[in-house]
Amino acid sequence: MAQLSPQLKQATPVVATHGEGVYLYDDAGTQYLDFTAGIGVTSTGHCHPKVVAAAQEQVGSLIHGQYTTIMHKPLQQLTAKLGQVLPTELDSVFFANSGSEAAEATLRLVRQATGRPNIVVFQGGFHGRTVAAASLTTSGTKFRAGFSPLMGGVVVSPFPNPSHYRAYGWDVDQATDFALRELDLVLQTQSNPADTAAFLVEPVLGEGGYIPGNERFFAGLRERAEQHGILLVVDEVQTGFGRTGKFWGQEHFGLKPDVQMFAKGIASGFPISGIAASQEVMAKAWPGSQGGTYGANAVACAAALATIDVIEDEGLVANSAARGEQLKTGLQKIGQKHNQVVDVHGLGLMVSVEFADSAGNPDGAAAAAAHKKAAENGLLLLTNGMYGQNVRFIPALVVTEAQVDDALALWEKTLDDMLG
């Protein structure tokens, strides 16, 4: 019989047997401090007792009820709960399974709602790996190479990324001026406003480097959207559910979306995602065009309800803000010892350390080496950035002050081991 093996994009340092809070353990009993949270998914930590209990109870009563066929209580309860945390004007929700599916559903909705074909995305954004979602993604060619042709109707405009524009000597204001001028040029030369269905943007670039946008840039998007009847879509897949130190990343900037995507941290590891819009916009979707077999799975809905309760009951949004500030300050202090560390980015518990070489160019090799060395030291991290030049820290929202200190100590050791 043929032997099958999972196709991994890189060697994995840990084969985990179980997890608890911000820790993972392998079959030898080795403990690792997990500052990846399943790429921001296990927001309440590994196996939070309340989430586990909710899922176990639901498994015993109803595992799956396809919600275009029947309705079930966890779905009704989750919809009501989301109504308490979503922006007031976004009062209609469609559920799917993943961030990519949320992107695909959003694309379908905005094109049908406006009757327009084009989507403007912003340089460095990540919106998924399926064909349409990858077509919307510009954070790296690895997400979109090798299966062309991609979907048409996508136009890319600059994001005010001070990390990238550092090479030009620009500050955030100059980068923002440029980004807004170039957006106007896009609407003049590449996508007529009458053909433009939506702007799609992340409040903080995720795979693009944990680079926050800014209030003036997002206000400029809102102004142009209203002027031209374009829908403004905010991708909160990674930034939502307390990750940035506010419940939604958009809250840092006064950003008001017409459509909002969510996933990742909503259910502490169970697969569920969705999009939210006003009933007026959602009603413009063509009948039968949206759907999916596993969307709003009953167990995932139960886990999501428990997750939101834990976030609220344990004050995890405030904890994200406080621990994020502690983490960012500590990383900046450690980085000052090493010339290769040129910046620390992010909001809340969504922080990255940027590496550059002696010429000031993005240094993906240094970030990859630091990522590997940290794992050897017992600290699990991820990389990001358009050149892979950042190491990112994204622990569960339950992380404590002492655990952040432990992570900082391991990171300092990692850089001392690697860079001297």
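Before any of the text, the structure's been laid out above.
Residues numbered from 1 in each chain as written. Predicted model: local features only at pLDDT ≥ 70, side-chain atom pairs only at ≥ 80, totals over all residues. Heavy atoms only, no water.

Caption draft 1: Layout of the overall build of the chain. Check the secondary structure of the chain and you find 13 helices and 17 strands. Computed over its C-alpha atoms, the radius of gyration of the chain comes to 21 Å, within 12% of the 22 Å expected for a compact globule of 420 residues. Considering only C-alpha atoms, the chain reaches an extent of 60 × 60 × 50 Å along its principal axes. A separation of at least 24 residues holds for 73% of the contacts in the chain among residues at least 6 apart in sequence. When the accessible surface of the chain is summed, it comes to about 17900 Å², and 52% of that surface belongs to carbon and sulfur atoms. Averaging the positions of the 28 positive and the 41 negative side-chain charges in the chain gives two centres separated by 3 Å. (Helix = DSSP H or I, 4+ residues; strand = E, 2+ residues; numbered from the N terminus. Rg over C-alpha atoms; globule rule 2.2 N^0.38 Å. Contact = heavy atoms within 4.5 Å. Areas by Shrake-Rupley, 256 points an atom, 1.4 Å probe, with all protein chains shown as cover. Lys, Arg positive; Asp, Glu negative; His and termini not counted. Charge placed at Lys NZ, Arg CZ, Asp CG, Glu CD.)

Caption draft 2: Geometry of the nonpolar core. Counting 88 residues, the largest nonpolar core has F355, F393 and W411 as the members making the most contacts within it. Top contributing element to this core by residue count: helix α10 (residues 298-313), with 9 residues. One finds A179, L180, F217 and I230 within the second-largest nonpolar core, a separate group that totals 22 residues. (Core = buried A, V, L, I, M, F, W, Y, C linked by side-chain atoms within 4.5 Å. Buried < 20%, exposed > 50% of the residue type's maximum accessible area, 1.4 Å probe, protein only.)

Caption draft 3: Highlighting the sheet that holds strand β16 (residues 382-384). The strand order across the open sheet formed by 4 strands is β13-β14-β17-β16, and the pairing between neighbours is antiparallel. In the strand order of this sheet, the two ends are held by β13 (341-346) and β16, each with one partner. Across this sheet, the average inter-strand angle for adjacent strands is 30°, counted without regard to direction. Across 5 bridges, β13 lies against strand β14 (residues 351-355) in antiparallel orientation. Paired with G346 across the two strands is V351, which belongs to β14. Sheet strands in contact with helix α11 (residues 316-335) are β13, β14 and β17 (390-393), and its direction is about 175° off that of β13. Against the sheet, helix α12 (residues 364-376) makes contact with β14, β16 and β17, and its axis sits at roughly 40° relative to β17, the strand it touches most. (Pairing = 2+ DSSP bridges. Axes fitted to C-alpha atoms, helices over the stretch in contact; angles between N-to-C directions.)

Caption draft 4: Structural view of empty space enclosed by the protein. A complete count under the given rule lists 3 cavities of 30 Å³ or more for this structure. The calculated volume of the largest cavity comes to roughly 50 Å³. If you trace the largest cavity, you find it lined by A103, T106, L107, V110, I119, L136, A198, L200 and V233. Among the elements of the structure, α4 (99-114) and β7 (196-201) are those that each provide at least two residues to the lining of the largest cavity. Tallied by class, residues from the lining of the largest cavity come to 8 nonpolar, 1 polar and no charged. (1 Å grid on protein atoms, 1.4 Å probe; cavity = no way out; pocket = protein on both sides within 12 Å on 5 of 7 lines; lining within 4 Å. Points joined across faces, edges and corners; volume = space filled by probe spheres on them. Nonpolar A, V, L, I, M, F, W, Y, C, P; charged D, E, K, R; others polar.)

Caption draft 5: Expanded view of the sheet that holds strand β3 (residues 31-34). One open sheet accounts for 4 strands, arranged β1-β2-β3-β15; its pairing is mixed. The sheet terminates laterally at β1 (16-20) and β15 (379-380), the two strands that pair on one side only. Here β1 runs beside strand β2 (residues 23-26); their pairing, made up of 4 bridges, is antiparallel. Residue pairing across strands places H18 opposite Y25, the latter belonging to β2. Sitting on the sheet, helix α13 (residues 401-419) is in contact with β2, β3 and β15, with an inclination near 100° to β3.

Caption draft 6: Main features of the side chain of S92. When you line up the elements, S92 lands in strand β4 (residues 92-96). Look past the residues within four positions of S92 in its chain and what remains in contact with it is I275, A276, A277, S278, Q279 and M282.

Caption draft 7: Main features of the pairing of β14. With 5 of 5 residues buried, β14 is to be regarded as a mostly interior element. Alternating positions in β14 separate into two faces, V351, V353 and F355 on one and S352 and E354 on the other, with burial throughout. Counting the residues that bridge the hairpin from β13 to β14 gives 4 residues, and of these G348 lies at a positive phi of roughly 55°. Where β14 meets β17, 4 bridges bridge the pair, whose relative direction is antiparallel. Note on β17: the bridge partner recorded for S352 is R392.

Caption draft 8: Examining the packing of helix α7 (residues 172-189) against helix α8 (residues 215-228) more closely. In the contact formed by α7 and α8, the axes pass within 10 Å of each other and the chain directions differ by 20°. Here α7 is positioned roughly parallel relative to α8, judged by the angle of their axes. The hand of the α7/α8 crossing is right-handed. Here α7 contributes D173, T176, D177, A179, L180, L183, D184 and L187 to the contact with α8, which in turn contributes R216, F217, G220, L221, R224 and H228. Considered class by class, the residues forming the contact of α7 with α8 number 6 nonpolar, 3 polar and 5 charged. (Parallel < 35°, antiparallel > 145°, perpendicular 65-115°, else oblique. Left-handed = near helix turned anticlockwise from the far one by under 90°.)

Caption draft 9: Looking closely at the packing of aromatic side chains. Applying the stated criterion to the full structure yields 20 aromatic pairs. Between Y67 and F94, the ring centres sit 6.5 Å apart and the planes meet at 45°, which makes this aromatic pair tilted. Here Y67, found in the loop between α2 (49-59) and α3 (73-85), pairs with F94, found in strand β4; they are 27 residues apart in sequence, far enough to count as distant. Side by side, Y67 and F94 carry an identical accessibility label, which is buried. The interplanar angle of 55° and the centroid separation of 5.5 Å between the aromatic rings of F217 and F218 together place this pair among those described as tilted. For the pair formed by F217 and F218, the shared burial category is buried. (Phe/Tyr/Trp six-rings, centres within 6.5 Å; stacked < 30°, edge-to-face > 60°.)

Caption draft 10: Highlighting α4. Relative to the 22 Å expected for 16 residues at 1.5 Å per residue, α4 spans 22 Å between its end C-alpha atoms, a close match to the ideal helical length. Just downstream of α4, G115 is the residue with a positive phi angle, here 70°. (Expected span 1.5 Å × (residues − 1).)

Caption draft 11: Broad picture of the environment of T114. By the element assignment, T114 lies in helix α4. Put simply, T114 and V391 are 277 residues apart on the chain and 39 Å apart in space, counted from C-alpha to C-alpha. Ignoring any residue separated from it by four or fewer positions in sequence, one finds T114 in contact with A197 and L231. Among the polar contacts made by the side chain of T114, one reaches the main-chain carbonyl oxygen of V110 at a distance of 2.7 Å. (Polar contact = N/O pair within 3.5 Å; in protein donor to acceptor, adjacent residues only side chain to side chain.)

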